[in-house]
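As a plain string of letters, each chain reads:
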Amino acid sequence: MNVTRPSARLALAGAAAVSSVLLLSPAAHAHVTVQPLGQATKGGYATVNFKVPNERDGASTVKLEVTLDQDHPLASVMPQPVPGWTVKVEKAKLATPLDLHGKKITEAPSRITWTASGSKIGPGQFQQFPVSLGRLPEDVDRLVFKALQTYDNKEVVRWIEEAKEGAAEPDSPAPVLELTAAEGEGGTGAAGAPDASDTSGAKTEAASADVSDTTARVLGVVGILVGAAGIAYGALAGRRRSA
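Residues numbered from 1 in each chain as written. Predicted model: local features only at pLDDT ≥ 70, side-chain atom pairs only at ≥ 80, totals over all residues. Heavy atoms only, no water.

Novice: Break down the overall build of the chain for me, citing the residues and quoting the values.
Specialist: Scanning the chain for helices and strands turns up two helices and eleven strands. Put simply, the chain runs from its N terminus to its C terminus through helices and strands in the order α-β-β-β-β-β-β-β-β-β-β-β-α. Across the 243 residues of the chain, 32% fall into the buried class. If you take every contact in the chain between residues at least 6 apart in sequence, the share linking residues at least 24 apart comes to 73%. Accessible surface, the chain: about 14,500 Å² in total, of which carbon and sulfur atoms supply 54%. (Helix = DSSP H or I, 4+ residues; strand = E, 2+ residues; numbered from the N terminus. Buried < 20%, exposed > 50% of the residue type's maximum accessible area, 1.4 Å probe, protein only. Contact = heavy atoms within 4.5 Å. Areas by Shrake-Rupley, 256 points an atom, 1.4 Å probe, with all protein chains shown as cover.)

Here it is in structure tokens:
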């Protein structure tokens, strides 16, 4: 009995460490993000999803506010209706008017607010809020959308920190939309909005990205489990040989 007790304690310690990883790993990724359906091409139009996970065990998310970058204004911002939520798009005057399809645009959307009206994002759940954006700027590689997430207990989480190149991800990172270079005249170029009827390829790319991310996390946890089991087994074998 004395031979096996230390090994059993070691195995339990390893299991506890693995459990901590399983509990803490999802939290590290649970922040508001923006994900394009397909690619977000410079000078074109894109449909994106603002993905909002619920980080709290005892509260539900009831509001999302997204601020649009006025240094790189977007003339067209069209949210897709989400059942159980109302949406409002606010506009602001532009210091420098935009030229879009031969028309001068003197104001542009500055904020999008979704408010629960019969639905909430409960613990362990997430919600996506689709928006069509355009025309995307041609002189930057990314757009930063600062976001505020409000819970029904009045807590507000501010996802507004911009990540710096070469630095670790901040605690409350702002959603970032990566822009890709335009390829020729076709697709979602500056000539007009994308064909909304053709989304099969975009959905496949988004699904593939989610599967790859999930697979990487699972493999990481499996590696930790195998390592912990190996340590426990080695300690047990050593004890038995010495006995």
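Novice: An account of empty space enclosed by the protein is needed here, citing residue identities and associated values.
Specialist: With the rule as written, the count across this model stands at one cavity of 30 Å³ or more. Of the volumes computed, that of the largest cavity is approximately 30 Å³. For the largest cavity, the full set of lining residues is L68, D69, H72, L74, L143, V144 and F145. (1 Å grid on protein atoms, 1.4 Å probe; cavity = no way out; pocket = protein on both sides within 12 Å on 5 of 7 lines; lining within 4 Å. Points joined across faces, edges and corners; volume = space filled by probe spheres on them.)

Novice: Quick one: what's the story with the environment of Y151, residue by residue and with numbers?
Specialist: Along the chain, Y151 turns up in strand β9 (residues 146–151). Judged by relative accessible area, which is 1%, Y151 ranks as buried. Aside from chain neighbours lying at most four places away, what touches Y151 is P53, N54, E55, R56, A59, S60, T61, V62 and V157. A polar contact is formed between the side chain of Y151 and the side chain of Q149, at a distance of 3.3 Å. (Polar contact = N/O pair within 3.5 Å; in protein donor to acceptor, adjacent residues only side chain to side chain.)

Novice: Could you give me a rundown of the sheet that holds strand β7 (residues 126–134), with the residues and numbers involved?
Specialist: With antiparallel pairing, the four strands of this open sheet are ordered in space as β1-β2-β7-β4. Edge positions in the open sheet fall to β1 (33–36) and β4 (76–79), since each of these has one partner strand only. Each strand axis lies, on average, 30° off the axis of its neighbour in the sheet, ignoring direction. Where β1 and strand β2 (residues 46–53) come together, four bridges link them in antiparallel fashion. (Pairing = 2+ DSSP bridges. Axes fitted to C-alpha atoms, helices over the stretch in contact; angles between N-to-C directions.)

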